[in-house]
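Descriptive structure summary
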Amino acid sequence: QVQLVESGGGSVQPGGSLRLSCVASGSIRTIYGMGWYRQSPGKERELVASISSGGDANYAGAVRSRFTISRDNAKNTAYLQMNSLKPEDTAVYYCNADVLERLRIRTNKYWGQGTQVTVSS
């Protein structure tokens, strides 16, 4: 089993910044892709950004040029730097990871518990 724990959420004014962290722990051999998703009340969960094990990143159009995803493979950790935040960014942010566990031959997807981000005046 693998656990993902997000941190770094909070309340910020429009134009402010936050940095989210996601730490994976457990029976981990290798983490392949990692991603950040978000969900607002009444809306479907959507992909915000993803990053491959080699560091190739992709972003949703709404956050491109404002958010940056990164990772530290040695620490099994992913980050989401969020700048120029807008009220529309308000959501619960979830971390996702595609993990190859020790003694297994295929990967499984895992989710964190989520961290709240609120952007308001």
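1. Quick notes on the overall build of the protein
- Helices and strands together make up the secondary structure of the protein, namely zero helices and 11 strands.
- Secondary structure elements in the protein, listed N-terminal to C-terminal, are β-β-β-β-β-β-β-β-β-β-β.
- Computed over its C-alpha atoms, the radius of gyration of the protein comes to 14 Å, within 12% of the 14 Å expected for a compact globule of 121 residues.
- Relative to its 121 residues, the protein shows a buried fraction of 41%.
- Here the analysis covers contacts within the protein between residues at least 6 apart in sequence; of these, 56% occur between residues at least 24 apart.
- Carbon and sulfur atoms form 46% of the exposed surface of the protein, whose accessible area is close to 6,500 Å².
- For the protein, the distance from the average position of its 14 positive side-chain charges to the average position of its 9 negative side-chain charges is 4 Å.

2. Some thoughts on the packing of aromatic side chains
- Here the structure, examined in full by the defined rule, presents one aromatic pair.
- Relative to Trp 111, the ring of Tyr 37 lies with its centre 4.8 Å away and its plane at 65 degrees, an arrangement referred to as edge-to-face. Pair noted here: Tyr 37 is in strand E4 (residues 28-39) and Trp 111 is in strand E10 (residues 107-111), with a separation of 74 residues, a long-range link.
- The exposure class of Tyr 37 is partly exposed, given its relative accessible area of 22%.
- The exposure class of Trp 111 is partly exposed, given its relative accessible area of 39%.
- Sitting over the ring of Tyr 94, Arg 45 keeps its end group 3.7 Å from the ring centre.

3. Notes on unusual backbone geometry
- Here Ser 65, not a glycine, exhibits a phi torsion of approximately 80 degrees, which is positive.
- If you trace the backbone, Ser 65 turns up in the loop between strand E6 (57-59) and strand E7 (67-72).
- Overall, Ser 65 belongs to the exposed group, its relative accessible area being 75%.
- Even without a glycine there, the phi angle at Ser 84 is positive, about 50 degrees.
- Take Ser 84: it is sitting in the loop between strand E8 (77-82) and strand E9 (91-101).

Rules used throughout
- Residues numbered from 1 in each chain as written.
- Predicted model: local features only at pLDDT ≥ 70, side-chain atom pairs only at ≥ 80, totals over all residues.
- Heavy atoms only, no water.
- Helix = DSSP H or I, 4+ residues; strand = E, 2+ residues; numbered from the N terminus.
- Rg over C-alpha atoms; globule rule 2.2 N^0.38 Å.
- Buried < 20%, exposed > 50% of the residue type's maximum accessible area, 1.4 Å probe, protein only.
- Contact = heavy atoms within 4.5 Å.
- Areas by Shrake-Rupley, 256 points an atom, 1.4 Å probe, with all protein chains shown as cover.
- Lys, Arg positive; Asp, Glu negative; His and termini not counted.
- Charge placed at Lys NZ, Arg CZ, Asp CG, Glu CD.
- Phe/Tyr/Trp six-rings, centres within 6.5 Å; stacked < 30°, edge-to-face > 60°.
- Lys NZ or Arg CZ within 6 Å of the ring centre and 35° of its normal.

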